[in-house]
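Geometric and topological summary
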Amino acid sequence: MAKLSDKKPAEAKSGGPAPIDLICADADVSLQMTRWLSHLRAERRLSPKTLEAYTRDVRQFLAFLAEHWGALVSLPRFAKLEASDVRAFMAARRGDDIGGRSLMRALAGLRSFGRFLEREGKGTVGALSAIRAPKIGKSLPKPLQMASAKRLADADERAGENRDPWIWARDAAVMALLYGSGLRISEALGLKRRDVPAPGAGDVLIVNGKGNKTRMVPVLHNVLELIADYAAQCPHPLPAEGPMFVGARGGPLSPRIIQLTMERMRGALGLPDSATPHALRHSFATHLLTRGGDLRAIQELLGHASLSTTQIYTGIDTERLFEVYKTAHPRA
């Protein structure tokens with residue numbers, strides 16, 4: 001497969017973003033790819049991680065085509081792309097043990113690039129639309145039991161560790177926030193001090209979620225008390241514009257620290273490997289649904305763009321009902 005250049009492009013003379021440096025495609029393709037990514041960043045407001053993945057996917061596709069065709073990829077040649085070319089690329093990626101979800105994301109990125117070229121009058125890439133998205137199996141999230149989720153937010157569970165008490169208090173506050181408000185770990189650690197009300201001074205958080213979208217999320221009084229307890233013990237300054245949760249040296253807290261904390265605690269509490277920080281968010285949604293929560297309300301709380309994403313939790317609830325039926329029904 002053709003190798004991609006690691007050389008960083010110089011700034012464009014026009015003052016705009018420099019064209020992406022590709023050795024598998026000509027300058028016109030590089031320029032259009034740069035403009036496409038700028039469009040996704042500014043107009044579509046895609047997350048940096050999604051942009052990074054799309055960039056990687058299109059680079060890999062162009063490199064594959066250059067080798068497949070034995071020539072640099074040009075815009076006229078790209079517009080004449082055939083379905084067999086796309087299938088060959090997908091087959092090559094599967095041969096590299098790439099999963100269905102990654103292939104589906106790659107196809108989504110390629111289609112987005114193709115639509116952009118069409119809008120810009122650079123040709124219609126019909127072959128990308130003719131390819132079916134790969135099938136992926138639906139995997140249900142694995143929530144924790146209510147009692148286990150509550151114990152993870154108890155600082156006393158870690159009293160035997162050789163760590164400063166404020167660290168225990170911090171981690172307990174983060175865990176309680178993930179379970180109590182259903183936040184993603186990036187959302188919890190992205191909170192500023194000013195975003196979190198003092199106990200009794202408010203019961204809502206303004207969270208910055210995926211795609212830079214904000215939403216209001218209720219926060220429990222006892223969770224705010226845990227956060228306040230951590231803030232009172234924290235030896236580092238916590239200015240209003242700074243992060244609410246800080247690391248041992250006072251900088252922003254890394255998600256990896258919370259992940260490692262969860263790994264240690266699940267060993268101590270006898271929890272399965274599926275007990276991750278994100279599992280607390282799943283537990284939040286599942287336990288709300290189990291207790292009669294409205295699916296659309298849960299969608300809003302989680303910040304899901306589509307109700308179909310939230311509906312996976314109805315599958316979890318159905319499984320639980322069947323388990324109850326099998327263990328409790330006298331004829332089961």
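The structure under discussion appears in the preceding block.
Below, the structure is looked at part by part.

The rules behind each value
Residues numbered from 1 in each chain as written. Predicted model: local features only at pLDDT ≥ 70, side-chain atom pairs only at ≥ 80, totals over all residues. Heavy atoms only, no water. Helix = DSSP H or I, 4+ residues; strand = E, 2+ residues; numbered from the N terminus. Buried < 20%, exposed > 50% of the residue type's maximum accessible area, 1.4 Å probe, protein only. Contact = heavy atoms within 4.5 Å. Areas by Shrake-Rupley, 256 points an atom, 1.4 Å probe, with all protein chains shown as cover. Pairing = 2+ DSSP bridges. Salt bridge = Lys/Arg side-chain N within 4 Å of Asp/Glu carboxyl O. Expected span 1.5 Å × (residues − 1). Core = buried A, V, L, I, M, F, W, Y, C linked by side-chain atoms within 4.5 Å. Phe/Tyr/Trp six-rings, centres within 6.5 Å; stacked < 30°, edge-to-face > 60°.

What the protein contains, in helices and strands, is 15 helices and two strands. When each of the 332 residues of the protein is scored for burial, the buried share is 42%. Across the protein, the fraction of contacts at a sequence separation of at least 24, relative to all contacts at a separation of at least 6, is 59%. In the form shown here, the protein has an accessible surface area of approximately 18300 Å², with 52% of it arising from carbon and sulfur atoms.

The subject of this paragraph is the environment of Tyr 179. In this structure, Tyr 179 sits in helix H8 (residues 165-181). Among residues more than four places away in sequence, those in contact with Tyr 179 are Met 146, Ala 149, Lys 150, Leu 280, Ser 283, Phe 284 and His 287.

Next up on the list: the pairing of strand S2 (residues 214-218). Burial of S2 is one-sided: the residues Arg 215 and Val 217 facing one way are buried, the residues Thr 214, Met 216 and Pro 218 facing the other way are not. Pairing between strand S1 (residues 204-208) and S2: five bridges, direction antiparallel. What sits directly across from Ile 206, in S2, is Met 216.

Taken as a whole and assessed by the stated rule, the structure comprises eleven salt bridges. Across the pair Arg 105 and Asp 57 runs a salt bridge, and its minimum N-O distance is 2.9 Å. Placement of the pair is Arg 105 in helix H5 (residues 100-119) and Asp 57 in helix H2 (residues 48-69), with a sequence separation of 48 residues. The residue Arg 93 makes a salt bridge to Asp 96 at a minimum N-O spacing of 3.6 Å. The network of salt bridges with common partners includes Arg 184, Glu 187 and Arg 215.

Its 13 residues place the ends of helix H4 (residues 83-95) 18 Å apart at the C-alpha level, agreeing with the 18 Å of an ideal helix rising 1.5 Å per residue. Backbone geometry just after H4 places Asp 97 at a positive phi near 65°.

With that settled, the discussion passes to the nonpolar core. Ranked by internal contacts, the top residues of the largest apolar core, which has 49 residues, are Leu 177, Leu 183, Tyr 230, Met 244, Phe 245 and Leu 280. For this core, the secondary structure elements donating two or more residues are helix H7 (146-152), H8, helix H9 (185-189), S1, helix H10 (221-233), helix H11 (255-269), helix H12 (277-290) and helix H13 (295-302). Top contributing element to this core by residue count: H8, with ten residues. Ignoring sequence-local partners within four residues, the contact set of Phe 245 consists of Arg 170, Ala 173, Val 174, Leu 177, Ala 188, Leu 189, Ile 227, Tyr 230, Gly 251, Pro 252 and Leu 253. Listed in part, the 36 residues of the second largest apolar core include Ala 25, Phe 64, Trp 69 and Val 86.

Time to look at the packing of aromatic side chains. This model, assessed by the stated rule, comprises eight aromatic pairs. A ring pair is formed by Phe 78 and Phe 113, whose centres lie 5.8 Å apart and whose planes are at 55°; its orientation type is tilted. You can see Phe 78 sitting in helix H3 (residues 75-79) and its partner Phe 113 sitting in helix H5, a full 35 residues away along the chain. Side by side, Phe 78 and Phe 113 carry an identical accessibility label, which is buried.

Turning our attention to the environment of Trp 69. For Trp 69, the location among the structural elements is in helix H2. Taking the relative accessible area as the measure of exposure, Trp 69 reaches 18% and is therefore buried. In this structure the C-alpha to C-alpha distance between Trp 69 and Asp 85, which are 16 residues apart in sequence, comes to 9.3 Å.

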